Amino acid sequence: MNTRRRRLGLLLIAPGSAYLLLAFVSIVALLVSYSLRTTQTATLFSTFDAGTWSSALSDSYLWSTVGTTLRVGLIVCVLCVVIAYPLAWSLRAMGRGWRVAAMMFVIFSPILVSVVVRSYGWAMLLRTGGPLGGVLDSWLYHEPGVILALVHVELPFAFFPILAAVRAVPAELGEAAADLGAGAAQRFREVLLPPTVPGLLAGAQLTFTLTISAFATPALLGGGRVSVLAESIYTDIQQLLWPRAAVQAVVLLVLTLLVLAAFGLLGRLVAGRVGTRSAT
Amino acid sequence: MSVWLRRIFLFVVAVFILAPLVVVLVASVSTDEVLSGLPSGFTMHWLAEALSYPQFQVGFQYSVQVAAIATACSVVLGTAAAYALYRLEVPGTRLLRTLFIAPLSMPRVVSGFCFFVLFASLVPAAYGTVGGVAFAHVLILLPFVVSLVGAGLATLDSSLEEAARDLGASAFTAFRRVTLPQIRASLLIATVFAFLTSFDEVDLSVFLMPADTTTLPVAIFLRLQQNQDPTTSAVSSLMIVGSLLLTGLVALAGRKAGLFAAPGSTAANQPERKEEQPA
C-alpha cells in the first residue's frame with residue numbers, strides 16, 4: 001500500500017516537475033550562455049567571451065536603469081502598503097454585509113482586467129486635454145505617471161496578504177488593551193500592529209518583486225523616458241542586441257532574488273523580535 | 001478612525017481603482033476623439049471599428065486558443081502534482097513544493113526572453129505558434145493551479161477517500177467519485193483564474209510572436225505604442241466587460257451548484273493562497 005502510494009505520487013508529479021526543470025534549466029543555461037557573447041546569433045554554443053558583461057557593467061546606462069527600476073519599485077511598494085494597510089483595517093471595521101462585498105469586488109476587479117487596458121486608462125486620464133491633464137499635466141511619460149499606474153496595478157497584491165493578517169487579529173485584543181488604559185496610538189503600536197507585520201511584509205515583498213519586473217505599464221506610460229530593466233530588455237531584443245538583453249535579464253533576475261532574500265531575512269528578524277517579546 | 005473619515009477614505013480608494021476602467025468604458029462609446037470630461041454624444045462607431053480591425057480579430061482567436069491549451073495543460077499537470085504533494089507521499093515534498101511555486105518569483109520578461117532565445121536557437125518552428133506561446137504560459141499558470149488546488153486538497157478530510165478505497169474502489173475511482181467533487185470549487189477557480197491570466201498575459205507573450213499575428217492584449221499593446229484612439233478604448237472595453245461577465249457567470253453557476261457552500265471554498269482559501277505566493 002505504502003509503496004503503491006509512493007509510486008503513484010511519483011507518477012503524478014513527474015510530468016509537472018519535468019516541465020519545470022526543463023524550463024528552469026534552459027532559462028538559466030540560455031541566460032548565462034547568451035550573456036557571454038558579443039554578437040547576436042541563433043547558434044546555441046559558440047565561443048564565449050565576457051565582452052558584453054564588461055561593457056555593460058562599465059556603461060552608466062545600465063546603472064541608471066537599475067537605479068530607476070529600484071527607485072520605482074521602492075516608491076510603488078511603500079505607496080501600496082501605505083494605502084492597503086488602513087484599507088484592510090477599514091474593511092475589517094465594517095464587519096460583513098453587501099458594502100464590504102462590494103468594496104472587496106472593487107479592490108479585486110482590476111486583477112481581472114489586462115494590465116495593458118489599465119495602463120491605457122491612466123494614459124487617457126493623464127494626457128493633455130484628458131480629465132486630469134490640466135492638474136497633473138507633466139505626469140504622463142514621466143516617472144510620476146508610471147508610479148501612479150503601477151500603484152493601481154499592484155495594489156491588490158499588497159492588499160490581500162495584509163487583509164488576511166488583519167482579519168486574523170482577535171477583536172478582543174484591542175478591547176483588552178483599551179480596558180487596561182492604553183491610548184489609541186499606544187494600542188495600535190503595541191497591540192494591533194505587531195501581529196500584522198508578517199502580512200505587511202508579505203504584501204510589500206510581493207509588490208516590490210512584481211514592480212521591478214513590470215513591463216507593460218512603464219513601456220506605455222514612460223514614453224521611452226522612464227527606462228526600467230524590463231523595458232530595456234525588450235528594446236534590446238527589438239534592436240537585435242541579444243547578449244546585452246541577456247545581461248540585463250540576469251541583472252533583473254539577481255535583483256529579484258536579492259529582494260526576496262532581503263525580505264526573508266527581515267521577516268525572520270521581525271519574527272525573532274516578536275518571539276522574544278512574548279517570551280519575556 | 002472615525003466613521004466619516006473611514007467612509008471618505010474608502011470612497012477615494014474606490015474612485016482611484018475604478019477611474020481608469022471607467023474612462024476606458026466611457027471613451028469607447030463617446031463621440032469625442034479625446035475625452036476631456038463628460039462625453040458629448042453616444043456612438044457605436046468605435047466598437048464597430050474595433051470588431052472589424054483584423055489584428056484584433058486574429059488576436060482574439062489567438063488568445064482564446066493559447067489560453068484554452070495553456071489552461072488545460074496546467075490544470076491537468078497542476079492537479080496531478082498538487083494531489084501528489086498534498087495527498088500522497090513523495091520523496092522531497094518540501095523541495096518539490098518550492099519548485100512548483102518558484103516560477104512566481106521569476107520575472108516574466110526574463111522567462112519571455114529565455115523562451116524567445118530557446119525557440120530561436122533550438123525550435124524555430126515554435127516561434128509565433130499557438131503551441132509555443134501556450135507552452136511558455138504553462139510556466140506562469142502552474143504555480144496558481146498547484147497553490148489553489150493544493151489549498152483545496154489540504155482542507156479535505158482524507159478518511160473519506162480511504163473509506164472508499166477500503167470498500168474496494170480503485171485509486172482512480174476513489175479520486176473521481178470522492179475527492180474530485182470535494183475540490184470542485186478550487187478547481188473551478190483555478191481554471192478561470194488560469195484562463196484569464198493567460199488571456200491577459202503581455203510581459204512574456206510579447207517576446208514570442210511576430211508583430212502582425214499576436215494575442216489580443218499584445219495587439220492592443222503594439223497599437224497603443226503607435227497611436228491612441230478610441231478604437232483601442234473600444235476593444236479594451238470589450239475585454240473589461242468580457243472578463244467581468246465570465247467571472248460573474250462562473251460565480252453565479254458555482255453558487256447555483258452549491259460549490260461555494262462546501263468547506264474549502266473561495267473565502268477560506270484566499271488568505272492561504274496569498275501566503276504561499278512569496279517563495
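Residues numbered from 1 in each chain as written. Chains lettered and ligands numbered in written order. Predicted model: local features only at pLDDT ≥ 70, side-chain atom pairs only at ≥ 80, totals over all residues. Heavy atoms only, no water.

Novice: Would you take a moment to explain the interface of chain A and chain B for this structure?
Specialist: How big an interface is tends to be stated in terms of the accessible area lost upon association of its parts. Listed per partner, the contact involves 86 residues of chain A and 88 residues of chain B. For the pair chain A and chain B, the summed buried surface comes to about 7600 Å²; carbon and sulfur atoms form 78% of the total. When the area that chain A buries against chain B is broken down by residue, the three leading residues are A:Tyr19, A:Leu112 and A:Tyr120, summing to 10%. At the boundary of chain A with chain B, the tally comes to 0 salt bridges. Across the contact surface, chain A and chain B share 5 residue pairs in polar contact (both at pLDDT 80 or more). For the side of chain A that touches chain B, the element with the highest residue contribution is helix 1 (residues 2-35) of chain A, accounting for 23 residues. Grouping the amino acids of the side of chain A that touches chain B by side-chain chemistry returns 64 nonpolar, 16 polar and 6 charged. (Contact = heavy atoms within 4.5 Å. Buried area = accessible area lost by both parts, 1.4 Å probe. Salt bridge = Lys/Arg side-chain N within 4 Å of Asp/Glu carboxyl O. Polar contact = N/O pair within 3.5 Å; in protein donor to acceptor, adjacent residues only side chain to side chain. Helix = DSSP H or I, 4+ residues; strand = E, 2+ residues; numbered from the N terminus. Nonpolar A, V, L, I, M, F, W, Y, C, P; charged D, E, K, R; others polar.)

Novice: Would you take a moment to explain the packing of helix 1 of chain A against helix 3 (residues 54-87) of chain B for this structure?
Specialist: Between two packed helices, what matters for the description is the angle formed by their axes and the separation of those axes. Closest axis-to-axis distance for the helix 1 of chain A/helix 3 of chain B pair is 8 Å, and the angle between their directions is 145 degrees. Crossing of helix 1 of chain A over helix 3 of chain B shows left-handed handedness. Residues A:Arg5, A:Gly9, A:Leu12, A:Ile13, A:Pro15 and A:Gly16 of helix 1 of chain A lie in contact with helix 3 of chain B, whose contacting residues are B:Leu77, B:Ala80, B:Ala81, B:Tyr83, B:Ala84, B:Leu85 and B:Arg87. Within the contact of helix 1 of chain A with helix 3 of chain B, the residues separate by chemical class into 9 nonpolar, 2 polar and 2 charged. (Axes fitted to C-alpha atoms, helices over the stretch in contact; angles between N-to-C directions. Left-handed = near helix turned anticlockwise from the far one by under 90°.)

Novice: Just checking my understanding: could you explain the side chain of A:Ser35 for this structure?
Specialist: By secondary structure assignment, the location of A:Ser35 is in helix 1. When residues no more than four places from it in sequence are discounted, the contact partners of A:Ser35 are A:Thr52, A:Trp53, A:Pro243, A:Ala246 and A:Val247.

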